[in-house]
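The chain contents come next:
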Amino acid sequence: MAASSNDFNSWKEIGLDDCRAMLRKFRDDNERRSEEIVELYEECLDSKMHKLGNEKWIVYEQVCIAALDCARQDIAQKCIAALRHQFPDSSRVRKLIGMQHESLGSFEKAEKVYDSIQQTDESNSHVRKRRIAMLRALRKVPEAIVELNTYVKQFMSDYEAWLELCDLYISENDYTKAAYCIEELLLSNPHNHLYHQRYADIRYTQGGMENIELARAHYAQAVALNSNNVRAMYGLFLSASNVASAPKCAGQKKKDNIKYAMWAANQIHERYQKMMNKDNDKQMKAVEEMLESLQLASVN
Amino acid sequence: MAEHFVLNRQSYCKILLHVFKYPHLSVNGLLLVQRQKGKDGKTFHIVDTVPLFHSTLGLTPMLEIALSQVDAYCRSRNLAIAGYYQANENYKDHSPNLIACRIIEKISENIGSDALLLMVENDKLASNVENACFTAYTVQDGKAKKVEGEKVQVQGNGTAGQIASALLCAKEHWQLVDFDSHLDDISLDWTNAHISVKISNAV
């Protein structure tokens with residue numbers, strides 16, 4: 001069984017199999033756990049790379065990127081050297097060299113590497129994404145948005161790119177365009193509870209009765225798709241309470257929204273009760289107070 | 001508006017742990033005080049922080065939930081929310097952005113007075129001078145204004161930095177829970193009582 005990444009002290013004794021399993025998990029979940037990956041490499045893998053068989057090349061790539069993230073140029077250089085030796089003409093390896101330049105702040109050198117990769121392979125999406133990442137690193141957010149827009153027109157199914165574009169728009173306070181990005185994702189992924197929840201978050205942030213009602217609908221959908229999505233449950237409670245407490249809201253609409261809010265509040269309360277122990281009773285009280293105060297506001 | 005802020009060791013350490021746990025993301029959190037009942041009543045002692053989020057900071061629903069719960073928590077402990085810290089994603093960027101200004105205005109509305117905005121300067125975190133990595137601002141009419149002079153101090157004559165270093169070496173930052181992590185797993189404690197214990201033991 002793979003060791004938990006929280007058990008730091010056990011990493012000194014971590015076995016090769018556990019180590020490989022953890023790295024695999026990080027790759028599969030696309031998690032940026034660079035510090036941990038570098039630790040695993042140093043504690044376990046460094047002397048044992050030859051035991052990994054063909055997996056070692058993808059591990060070298062993973063460790064290289066983690067090392068660049070942690071400014072461990074020594075480890076990154078070792079990985080790049082090994083990969084270059086095995087794959088001398090690979091554009092994937094050259095991309096890592098470009099990233100190495102980026103990590104050293106040599107953005108012009110990185111640009112040259114990416115140019116040369118794109119000359120031999122016009123459709124290389126990775127290089128285009130690195131260019132956009134460089135624009136972000138240089139704090140050129142409007143330029144990054146323009147480039148990313150061009151990118152998603154060509155690579156419409158790249159969900160990561162849409163999410164990144166959404167984040168960029170949010171950072172520029174352009175919530176309408178951020179919502180549009182998630183709408184694109186929802187078109188092709190209508191059963192993804194996280195997208196519904198994210199869409200609802202954006203609409204709620206925009207404010208105004210229409211947006212909050214839309215938010216409530218999407219929070220409800222997220223909860224229907226995954227009842228463990230606590231954010232969506234809280235969001236449903238918040239948006240329904242908001243609608244119910246609006247001055248123009250009356251009659252059946254008000255009653256319905258109070259009902260939704262109460263249902264969500266009960267669900268939240270139940271979940272916290274299941275988790276309750278002497279350590280988090282103060283959180284339980286905080287949750288209860290919050291639910292009460294927001295509910296009172298909606299009833300009045 | 002208070003004229004001086006003193007961060008106790010616990011607050012200082014928790015801010016650093018939060019920033020170090022997510023070095024590639026923007027992070028933010030709330031500053032909690034017990035008001036100094038001194039001669040002038042103008043010094044705020046920041047005695048604790050609640051780390052809030054490490055992903056998209058600009059969305060309000062979870063922020064509202066968090067503010068509400070932290071508020072309830074504060075009332076039960078005779079504390080108050082007095083401010084907010086933010087560390088930007090970009091290493092060299094420590095200017096208060098639109099998001100920080102909006103959040104401060106929301107907090108100021110909730111607490112009925114000007115909240116303190118503490119921006120963390122990422123490139124000064126390794127400095128030996130503990131308060132070098134903090135810049136204080138107030139926000140008026142949506143614009144952030146730097147607070148002049150040495151308004152933010154860190155308690156402890158250098159010991160806070162030592163404790164923070166020790167915690168980081170022991171990888172305690174991996175154990176830090178912010179409100180985002182709590183929403184992912186509600187069994188996790190956003191008051192970080194486990195970390196507070198380690199900090200008081202180290203003092």
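A brief report on the enclosed structure follows. Quick caveat, the model's predicted, so the values are computed rather than measured.

Some words on the overall build of chain A
Here's step 1: Assigned secondary structure in chain A consists of 15 helices and 0 strands.
Here's step 2: Scaling as 2.2 N^0.38, a compact globule of 300 residues should have a C-alpha radius of gyration of about 19 Å, whereas chain A reaches 24 Å, well beyond that.
Here's step 3: For chain A, the C-alpha atoms occupy an extent of roughly 75 × 50 × 30 Å along the three principal directions.
Here's step 4: Expressed as a percentage of the 300 residues in chain A, the buried residues total 46%.
Here's step 5: A sequence separation of at least 24 residues applies to 49% of the contacts in chain A between residues at least 6 apart.
Here's step 6: Surface accessibility of chain A: about 15,600 Å² in total, with carbon and sulfur atoms responsible for 51%.
Here's step 7: Positive and negative side-chain charges in chain A, numbering 41 and 44 respectively, have mean positions lying 1 Å apart.

Some points on helix α9 (residues 159-171) of chain A
All names here are of chain A.
Here's step 1: Compared with the 18 Å implied by 1.5 Å per residue over 13 residues, the 18 Å span of α9 between its first and last C-alpha is a close match.
Here's step 2: Looking only at α9, the buried set comprises A161, W162, L165, C166, L168, Y169 and I170.
Here's step 3: Considering only its buried residues, α9 is in contact with α7 (125-137), α8 (141-154), α10 (175-188) and α11 (193-206).

A short note on helix α1 (residues 9-21) of chain B
Here's step 1: Over its 13 residues, α1(B) extends 18 Å from the first C-alpha to the last, a length consistent with the 18 Å expected when each residue adds 1.5 Å.
Here's step 2: Among all positions of α1(B), only B:R9, B:Q10, B:S11, B:Y12, B:C13, B:K14, B:I15, B:L16, B:L17, B:H18 and B:V19 are buried.

Things to note about the pattern of salt bridges
Residue and element names in this part refer to chain A.
Here's step 1: Applying the stated rule across the entire model yields 34 salt bridges over all chains.
Here's step 2: Its salt-bridge partner being E55, residue R27 comes within 3.1 Å of it at the nearest N-O pair. In this pair, R27 sits in helix α1 (residues 16-28) while E55 sits in helix α3 (residues 55-69), placing the two residues 28 residues apart along the sequence.
Here's step 3: We classify R27 as partly exposed; its relative accessible area is 23%.
Here's step 4: Its salt-bridge partner being K253, residue E213 comes within 3.2 Å of it at the nearest N-O pair. A residue pair is termed long-range when its members are at least 10 positions apart, and E213 in helix α12 (residues 209-225) and K253 in helix α14 (residues 251-275) qualify at 40 residues.
Here's step 5: Among the charged side chains, a network of salt bridges with common partners joins K25, D29, E31, R33 and E36.

Observations concerning the side chain of A:D201
Here's step 1: Take A:D201: it is sitting in helix α11.
Here's step 2: The side chain of A:D201 is buried and forms no salt bridge, while A:R198, the nearest opposite charge, is found at 4.3 Å.
Here's step 3: In contact with A:D201, other than residues within four places in its own chain, are A:Y219, B:L59 and B:P61.

Some details on the packing of aromatic side chains
All names here are of chain B.
Here's step 1: Per the counting criterion, the structure on display carries 9 aromatic pairs over all chains.
Here's step 2: Look at Y73 and W190: their rings are 5.5 Å apart centre to centre, the planes differ by 75°, and that puts the pair in the edge-to-face class. Highlighted residues: Y73 in helix α2 (residues 61-76) and W190 in the loop between α5 (179-184) and α6 (193-202), separated in sequence by 117 residues. The pair formed by Y73 and W190 is uniform in burial state, with each residue classed as buried.
Here's step 3: Look at F179 and W190: their rings are 5.9 Å apart centre to centre, the planes differ by 50°, and that puts the pair in the tilted class. Within this pair, whereas F179 is found in helix α5, its partner W190 is found in the loop between α5 and α6, the two being separated by 11 residues in sequence. Take F179 and W190: they sit in the same class, and that class is buried.
Here's step 4: Here a set of aromatic residues connected by ring pairs shows up, and it is made of F53, Y73, F179 and W190.

Quick notes on the interface of chain B and chain A
Where the parts come together, the accessible area they lose is often given as the size of the interface.
Here's step 1: Of the residues lining the interface, 38 residues belong to chain B; the matching set on chain A comes to 39 residues.
Here's step 2: A buried area of about 3,500 Å², summed over both sides, lies between chain B and chain A, and 56% of it is on carbon and sulfur atoms.
Here's step 3: Considering only the surface of chain B that becomes buried against chain A, B:L59, B:W174 and B:I186 emerge as the three largest contributors, covering 19% of it.
Here's step 4: Between chain B and chain A we count 7 salt bridges in total.

Some words on the nonpolar core
Here's step 1: In terms of nonpolar packing, the biggest core is built from 62 residues, with A:Y234 and B:F53 touching the most fellow members.
Here's step 2: B:F53 has contacts with B:H18, B:S26, B:V27, B:N28, B:M62, B:L63, B:A66, B:D178, B:F179, B:D180 and B:L183, leaving out every residue within four places of it along the chain.
Here's step 3: Ranked by size, the runner-up nonpolar core spans 38 residues in total, among them A:M49, A:L83, A:M99 and A:V127.

A short note on unusual backbone geometry
Residues and elements named next belong to chain B.
Here's step 1: Despite not being glycine, N78 shows a phi value in the positive range, around 60°.
Here's step 2: Structurally, the position occupied by N78 is in the loop between α2 and β4 (80-87).
Here's step 3: N78 sits in the exposed class, given a relative accessible area of 66%.

Observations regarding the pairing of strand β5 (residues 116-120) of chain B
All names here are of chain B.
Here's step 1: When you tally the buried positions in β5, you get 5 out of 5 residues, the bulk of the element.
Here's step 2: The side-chain alternation of β5 yields two buried faces, one formed by L116, L118 and V120 and the other by L117 and M119.
Here's step 3: Remark: the β4/helix α3 (residues 98-111)/β5 crossover connection has right-handed handedness.
Here's step 4: Summarising the sheet, β5 and strand β6 (residues 134-140) pair through 4 bridges and their orientation is antiparallel. The partner of M119 across the bridge, within β6, is T135.

Definitions and cut-offs
- Residue positions within a chain follow its written sequence, with the count starting from 1.
- Chains and ligands are labelled by the order in which they are written, letters from A for the one and numbers from 1 for the other.
- Under the rules for a predicted model, residues below a pLDDT of 70 receive no local features and side-chain atom pairs below 80 are neither given nor counted, while totals for whole chains, interfaces and linings still include all residues.
- Only hydrogens and water are set aside; all other atoms, that is, all heavy atoms of the structure, feed into the side-chain values.
- Each helix is a run of H or I in the DSSP string that is no shorter than four residues. Each strand is a run of E no shorter than two, and both are numbered from the N terminus.
- For this measure, only C-alpha atoms enter the radius of gyration; the expected value for a globule follows 2.2 Å times N^0.38, where N is the number of residues.
- Each residue's exposure class comes from its accessible area (1.4 Å probe, protein chains only) as a fraction of the maximum for that residue type: buried when under 20%, exposed when over 50%, partly exposed otherwise.
- Note on definitions: a residue-residue contact is assigned when non-hydrogen atoms from the two residues lie within 4.5 Å.
- Only the protein chains shown count as cover for residues, and all accessible areas are computed by the Shrake-Rupley method using a 1.4 Å probe.
- This count recognises Lys and Arg as positive and Asp and Glu as negative, with His and chain-terminal groups excluded.
- By convention, charge coordinates are those of NZ in Lys, CZ in Arg, CG in Asp, or CD in Glu.
- Here a helix's expected span is defined as the number of its residues, less one, multiplied by 1.5 Å.
- Counted as salt bridges are all cases of a side-chain nitrogen of Lys or Arg within 4 Å of a carboxyl oxygen of Asp or Glu.
- Each Phe, Tyr or Trp ring, with Trp reduced to its six-membered ring, pairs with another whose centre is within 6.5 Å; inter-plane angles below 30 degrees give stacked pairs, above 60 give edge-to-face pairs, and intermediate values give tilted ones.
- Buried area is understood as the total, over both parts, of accessible area removed when two parts are fitted together, assessed with a 1.4 Å probe.
- To define a nonpolar core, start from buried Ala, Val, Leu, Ile, Met, Phe, Trp, Tyr and Cys residues and group those joined through side-chain atoms within 4.5 Å.
- We call a crossover right-handed when, viewed with both strands directed away from the observer, the connection leading from the first strand over the helix to the second proceeds clockwise.
- Note: two strands are recorded as paired if DSSP finds a minimum of 2 bridges between them.

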